[in-house]
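These are the residues of each chain, in order.
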Amino acid sequence: MLRFDVITIFPDFFREAFDYGITRRALAAGLVETKVHDLRHWCTDKHRTVDDRPFGGGDGMVLKADPIFAAINDITGFRRRGDYPKDTRVVLLSPQGLVFTQSLAADLATIASQIVLICGRYEGVDERVAEALATDEISIGDYVLSGGEPAAVVVVDAVVRLLPGALGSETSATYESFSDGLLDYPQYTRPPNLEGLHVPDVLLKGNHAEIARWRREEALKKTERNRPDLLKDSQV
Ligand code: SAM
């Protein structure tokens with residue numbers, strides 16, 4: 001059982017976020033559990049203040065560290081990064097983080113039994129959270145979102161589908177994009193002719209060796225066209 005704890009100032013964002021498809025099935029099968037926590041629960045002042053002005057000046061507001069420290073202590077049972085067991089990961093979602101990849105998703109799916117996801121807002125999160133609490137600082141891509149909530153949904157989805165038993169067939173994830181350093185091959189379904197757009201002949205003939213060869217070639221072509229950087233890093 002892998003447990004996700006999401007810390008956010010907008011818990012309603014997640015009301016239905018995990019109620020679809022593979023995540024829903026994994027929840028129903030008891031492979032995962034998701035808990036969404038309102039950061040305000042750990043604010044002690046009358047107004048339940050989650051943010052404050054940045055030291056040194058500058059635009060906007062910063063999420064305060066102290067409620068996040070209290071939240072992590074309650075949720076994990078530990079006060080600092082060095083105290084967590086190896087299978088606890090505390091992820092700070094941030095555009096300044098390591099870019100999230102399939103291999104990082106696989107690492108989390110293999111190692112973790114608890115993943116805490118901290119969603120930032122405004123100008124970001126007091127850096128002491130990255131310094132003392134986060135085991136991982138993760139960005140879902142080189143762009144800036146208004147908050148970590150969409151990124152948390154991305155991380156949960158990508159990790160859950162890699163858990164043994166989460167996909168209908170155990171082998172499905174093996175053939176997806178990135179699993180072998182290439183993008184996936186093109187897929188087609190009925191009808192074979194759509195307004196003059198034909199499904200490639202090779203897929204209709206049932207010769208499995210030829211189909212496998214064609215798919216490999218097409219995967220390579222697509223990777224060359226859309227993601228040549230993947231070919232540089234891979235052994236293919
Ligand atoms: N001032 C920050 C910067 O320029 O690096 C951006 C803060 S952003 C507006 C607010 C929050 O959205 C961040 O604290 C983070 O939690 C989340 N966020 C934004 N972009 C993200 C990304 N690419 N990946 C993950 N989280 C992101």
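In the block above lies the structure referred to throughout.
Here is what the cut-offs are and how they apply
Residues numbered from 1 in each chain as written. Predicted model: local features only at pLDDT ≥ 70, side-chain atom pairs only at ≥ 80, totals over all residues. Heavy atoms only, no water. Phe/Tyr/Trp six-rings, centres within 6.5 Å; stacked < 30°, edge-to-face > 60°. Buried < 20%, exposed > 50% of the residue type's maximum accessible area, 1.4 Å probe, protein only. Near = heavy atom within 4 Å. Polar contact = N/O pair within 3.5 Å; in protein donor to acceptor, adjacent residues only side chain to side chain. Areas by Shrake-Rupley, 256 points an atom, 1.4 Å probe, with all protein chains shown as cover. Helix = DSSP H or I, 4+ residues; strand = E, 2+ residues; numbered from the N terminus. Nonpolar A, V, L, I, M, F, W, Y, C, P; charged D, E, K, R; others polar. 1 Å grid on protein atoms, 1.4 Å probe; cavity = no way out; pocket = protein on both sides within 12 Å on 5 of 7 lines; lining within 4 Å. Points joined across faces, edges and corners; volume = space filled by probe spheres on them. Domains from an automatic or database assignment.

### Looking at the packing of aromatic side chains
Turning to step 1, where the next piece is worked out: A full pass over the atoms with the stated rule returns two aromatic pairs.
Turning to step 2, where the next piece is worked out: Seen from their ring centres, Phe13 and Phe14 are 5.2 Å apart, and the 65° between their planes marks the pair as edge-to-face.
Turning to step 3, where the next piece is worked out: Centre to centre, the rings of Phe14 and Phe18 are 5.9 Å apart; their planes meet at 25°, and the pair counts as stacked.
Turning to step 4, where the next piece is worked out: On the accessibility criterion, Phe18 (5% relative accessible area) is buried.
Turning to step 5, where the next piece is worked out: Feature note: the residues Phe13, Phe14 and Phe18 constitute an aromatic cluster, connected by ring pairs.

### Digging into the site of the ligand
Turning to step 1, where the next piece is worked out: Close contacts around the ligand come from 20 residues, with Leu93, Gln96, Gly120, Tyr143 and Leu145 the closest.
Turning to step 2, where the next piece is worked out: One of the backbone N or O atoms of Gly120 is found 2.9 Å from an oxygen atom in the ligand.
Turning to step 3, where the next piece is worked out: In the model, a nitrogen atom of the ligand is placed 2.9 Å from a nitrogen or oxygen of the Glu123 main chain.
Turning to step 4, where the next piece is worked out: Summarising the interface, the protein chains cover 85% of the accessible area of the ligand, which totals 590 Å² for the free molecule.
Turning to step 5, where the next piece is worked out: Elements represented by at least two residues in the shell around the ligand include exactly strand 5 (88-99) and strand 7 (136-139).
Turning to step 6, where the next piece is worked out: The residue inventory of the shell around the ligand, partitioned by class, reads nine nonpolar, nine polar and two charged.

### Focus on unusual backbone geometry
Turning to step 1, where the next piece is worked out: A cis amide bond, omega 5°, links Arg190 with the succeeding residue Pro191.
Turning to step 2, where the next piece is worked out: With respect to the secondary-structure elements, Pro191 resides in the loop between helix 5 (149-160) and strand 8 (193-194).
Turning to step 3, where the next piece is worked out: Here Arg48, not a glycine, exhibits a phi torsion of approximately 50°, which is positive.
Turning to step 4, where the next piece is worked out: Among the residues examined, Arg48 registers a relative accessible area of 39% and is labelled partly exposed.
Turning to step 5, where the next piece is worked out: One non-glycine residue, Glu195, adopts positive backbone phi at about 50°.
Turning to step 6, where the next piece is worked out: Turning to its location among the elements, Glu195 is positioned in the loop between strand 8 and strand 9 (197-198).

### Topic: the layout of surface pockets
Turning to step 1, where the next piece is worked out: Taken as a whole, the largest pocket spans an internal volume of roughly 510 Å³.
Turning to step 2, where the next piece is worked out: Counting residues per element, the lining of the largest pocket draws most heavily on helix 7 (residues 228-233), at three residues.
Turning to step 3, where the next piece is worked out: For the lining of the largest pocket, the per-class residue count stands at four nonpolar, seven polar and six charged.
Turning to step 4, where the next piece is worked out: Looking at which domains feed residues into the lining of the largest pocket, each of domain 1 (2-160) and domain 2 (178-230) supplies at least three.

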